[in-house]
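Inside the fold
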Amino acid sequence: MAHADTTELRERLIEAARRLNTTGLTRNNSGNLSHRVTTGFLVTPSGMPYDTLVAADVVHVDLAGKASGRRLPSSEWRFHRDVFVARPEVDVVLHAHAPFATSIACHGRGIPAFHYMVAVAGGADIRCAPYATFGTEELSAHAVAALAGRRACLLANHGMIALGADFASAFKLAIEVETLAEMYWRALQLGEPPLLDAAEMARVLDKFVTYGRQPEE
Ligand SMILES: [Zn+2]
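Computed from a predicted model, the values in this text were never measured in an experiment. Every chain's residues receive numbers from 1 upward, in the order its sequence appears when written. Per-residue local features of the predicted model are confined to residues with pLDDT of at least 70, and side-chain atom pairs are confined, for both listing and counting, to 80 or more; whole-chain, interface and lining totals are unaffected and use all residues.

Examining the overall build of the chain
Helix and strand definitions here come from DSSP, where helices need a minimum of 4 consecutive H or I residues and strands a minimum of 2 consecutive E residues; each element is numbered from the N-terminal end. Helix and strand content of the chain: 6 helices and 8 strands. Listed by position from the N terminus, the elements making up the chain come as α-β-β-β-β-α-β-α-β-α-β-β-α-α. Here the globule rule is a power law, 2.2 Å times the number of residues to the power 0.38, and the radius of gyration is based on C-alpha atoms. Taken over C-alpha atoms, the radius of gyration comes to 17 Å for the chain, in line with the 17 Å a tight globule of 217 residues would show. Overall size of the chain, expressed as C-alpha extent along the three principal axes, is 50 × 45 × 30 Å.

In structure tokens:
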């Protein structure tokens, strides 16, 4: 669905950005959030506490990367832009330094099929993009590659990204990925857990296509 750049959408973006802190996905605003609009995307500004934001602080960036507004866009605007270009089905990009996901990513590891719910991100694992300096095109290219066929990835020595069709689905996924990362971290305390095989993950992915869909009235 195409969204115009409105005050209402900017305010919803701010409200959602505040939820990054209250859900525990970030502390101290160490994340950023964007929403696609017909003319590009809206993104949280660089280095401002979410509590103080008003609609005019939200930055509009077009798909060529040109920012407009009174604030500078998040330093990570590049991967937001590149995801919106690469993934037409995505309207929200959520980035957070969520503690458990980031702990796993600091080992350069993704989340393998230790639990069937890994399929929630769209595949048999959740990949970890190789490290590159924050804000760079190199990081953005690694992130887009790690997200191929997936709705979430980890970023080595950095954090995680979750994608959605709206704020609610992006948050739901980000919280699920953080929960899986916590469970994987705990499971690793007893050694490497056994993994589900490719055939089982294919069955799970197949079931996920119809799971939770109630019959039409
Ligand atoms: Zn970051």
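So, next bit.
Thoughts on the pairing of strand S2 (residues 40-43)
Here, a strand pair is defined by DSSP locating no fewer than two bridges between the strands. Examined bridge by bridge, strand S1 (residues 31-37) and S2 share 4 bridges and lie antiparallel to one another. Looking at the pairing, His35 lines up with Leu42 of S2. Here S1 hands over to S2 after 2 residues, the two strands then running antiparallel side by side. Judged from the 3 bridges that link them, S2 and strand S3 (residues 59-61) form a sheet pairing that is antiparallel. Bridging from a neighbouring strand, Leu42 pairs with His60 of S3.

Section: the sheet that holds S3
Taking strand neighbours across the sheet as the criterion, the 8 strands line up as S4-S3-S2-S1-S5-S8-S7-S6 in an open arrangement whose pairing is mixed. If you trace the sheet from one side to the other, it starts and ends with strand S4 (67-68) and strand S6 (128-129), each paired once. Taken together, the 2 bridges between S3 and S4 define a ladder with antiparallel strand orientation. Opposite His60, over in S4, you have Ser68 as the bridge partner. Distance between backbone-placed C-beta atoms decides contact: two residues are in contact if it is within 7 Å. Axes here refer to lines fitted to C-alpha atoms; in helices the fit is confined to the stretch in contact. Angles between the N-to-C directions go from 0 to 180 degrees. Contacting S1, S2 and strand S5 (92-96), helix H1 (residues 7-22) runs over the sheet at an angle of about 155° to S1.

Some words on the packing of helix H2 (residues 77-86) against helix H4 (residues 137-146)
Where H2 meets H4, the closest approach of the two axes is 9 Å, and the angle between their N-to-C directions is 40°. With respect to H4, the element H2 is oriented oblique. In the packing of H2 onto H4, the handedness of the crossing is right-handed. Contact with H2, carried on its side by Arg78, Phe79, Asp82, Val83 and Ala86, involves Glu137, Leu139, Ser140, Ala143 and Val144 of H4 and no other residues of that element. Broken down by class, the residue content of the contact of H2 with H4 amounts to 6 nonpolar, 1 polar and 3 charged. Any angle that is under 35 degrees is reported as roughly parallel, and any over 145 degrees as roughly antiparallel; angles of 65 to 115 degrees are reported as roughly perpendicular and all others as oblique. Crossing handedness is read from the near helix: turned anticlockwise from the far helix by less than a right angle, it gives a left-handed crossing, and turned clockwise, a right-handed one. For this classification, the nonpolar set comprises Ala, Val, Leu, Ile, Met, Phe, Trp, Tyr, Cys and Pro, the charged set comprises Asp, Glu, Lys and Arg, and every other residue, Gly included, is treated as polar.

A word on the pairing of S5
Exposure criterion: with C-beta atoms placed from backbone coordinates, a residue whose C-beta has 20 or more other C-beta atoms within 10 Å is buried, one with 12 or fewer is exposed, and one in between is partly exposed. Of all 5 residues making up S5, 5 are buried, and the element is well covered by its neighbours. Of the two faces of S5, the one lined by Val92, Leu94 and Ala96 and the one lined by Val93 and His95 are each fully buried. In the sheet, S1 pairs with S5 via 5 bridges, with the strands oriented antiparallel. In the sheet register, Ser34 faces S5, and the bridge partner there is Val93. Across 5 bridges, S5 lies against strand S8 (residues 159-164) in antiparallel orientation. Following the sheet pairing, Val93 is matched in S8 by Leu163.

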